[in-house]
Amino acid sequence: MKLRSLIIDDEPLAHKVILEYAKDVSLIEIVGQCYLATEALPLLSSESIDLIFLDIHMPKLKGLDFLKSLHRKPIVIITSAYGEYALESFELDVCDYLLKPIRFERFVKAVQKAVEWHGLRSSPSKVEDNSPATLPQSPQSEFFLKVDRRLIQMNTEEIYYLESYGNYVKVWYGKDFHLSARTLSSFEEELLQPGFFRVHKSFIIHKKYIDFVEGNRIMMRNGTAVPIGKSYRADFRAFIGY
């Protein structure tokens, strides 16, 4: 099944690039093109759209304002020439953020991520509810994490960070992750080991795996950039002693 996709961008060249890339990616089907965000509103009410490629700077209605106005949001991939809106975009739960000019390999990676998100939204039963305890309520380093039908033994010292992922949480260790059917807040309540800190509504990081902090983002040692939420910034600076 292909994701029914919509392009919203005021630049004809941006449409051309995405259309060309989409021809070589069998995971999506472009079913609509809009040059203004306002044009997309009636289309979203009448058509089934799984994925939006959304520009930020557009006349009349900006991309992020358009996104905030939606009650039922499709999966969204931002396509913008401006990197400074990435943090605000991720706070609106966008799937990915592509900087123009968009490279094909980066486009493919973003689409693959969108397909994963769509699979989780449409098939929540794929990951069983693991509401029974996974992380311990005492500061022990080893614990069992329930993933699908397995109990996987992990060590908290191996966790780089935890990422909210719809109704699930990705527990990252290096460049791989396990997917757990829990909320990030439940992990926060039970993860008592020193060194863990919630830096964003969607992220809890492990201090030992921070590579560097630049502006309002944290670069982890596995190469991932984690945003620092506005309401967490002062406490995070205190946490790292800066």
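These numbers were taken from a predicted model, which means no experiment stands behind them.

Enquirer: Which residues make up the confidence of the model for the protein chain, and what values do they have?
Expert: Across the protein chain, the average pLDDT comes to 86, with 89% of residues at 70 or higher. Considering only residues more than four positions removed or in separate chains, one finds that residues 124-140, a stretch of pLDDT under 50, has 38 contacts.

Enquirer: Any chance you could break down the side chain of His-118 for me, citing the residues and the numbers?
Expert: Examined against the element boundaries, His-118 turns out to sit in helix H5 (residues 104-122). Setting aside residues up to four positions removed in sequence, His-118 forms contacts with Met-1, Leu-3, Asp-50 and Ile-75.

Enquirer: I'd like a rundown of the sheet that holds strand E2 (residues 28-34), residues and numbers included.
Expert: On the basis of which strands lie adjacent, the open sheet formed by five strands has the order E2-E1-E3-E4-E5 and parallel pairing. Each of the sheet's edge strands pairs with one partner strand only, and the pair in question is E2 and strand E5 (96-99). Across the sheet, the mean angle from the axis of one strand to that of its neighbour is 20 degrees, orientation sign disregarded. Sheet analysis places strand E4 (residues 75-80) next to E5, joined by four bridges and oriented parallel.

Enquirer: Before we move on, can you summarise the packing of aromatic side chains with the specific residues and values?
Expert: Each pair of aromatic rings is reported with the distance of its centres and the angle of its planes. Applying the stated criterion across every chain, the model contains 12 aromatic pairs. Judged by centre distance (4.8 Å) and plane angle (50 degrees), the ring pair of Trp-172 and Phe-177 falls under tilted. In this structure Trp-172 comes out as buried when scored by relative accessible area, which is 12%. For Phe-177, a relative accessible area of 30% corresponds to the partly exposed category.

Enquirer: Account for helix H2 (residues 37-46), naming residues and giving values.
Expert: Within H2 the residues assigned to the buried category are Ala-37, Ala-40 and Leu-44. Down the axis of H2, the smallest arc covering the buried residues is 40 degrees, so these residues share one side. Opposite the buried face of H2, at more than 90 degrees from it, the exposed residues are Pro-42, Ser-45 and Ser-46. Those residues of H2 that are buried are in contact with strand E1 (3-8), E2, strand E3 (51-54) and helix H3 (63-69).

What counts and what doesn't
Residues numbered from 1 in each chain as written. Predicted model: local features only at pLDDT ≥ 70, side-chain atom pairs only at ≥ 80, totals over all residues. Heavy atoms only, no water. pLDDT = per-residue confidence, 0-100. Contact = heavy atoms within 4.5 Å. Helix = DSSP H or I, 4+ residues; strand = E, 2+ residues; numbered from the N terminus. Pairing = 2+ DSSP bridges. Axes fitted to C-alpha atoms, helices over the stretch in contact; angles between N-to-C directions. Phe/Tyr/Trp six-rings, centres within 6.5 Å; stacked < 30°, edge-to-face > 60°. Buried < 20%, exposed > 50% of the residue type's maximum accessible area, 1.4 Å probe, protein only. Arc of directions from axis to C-beta.

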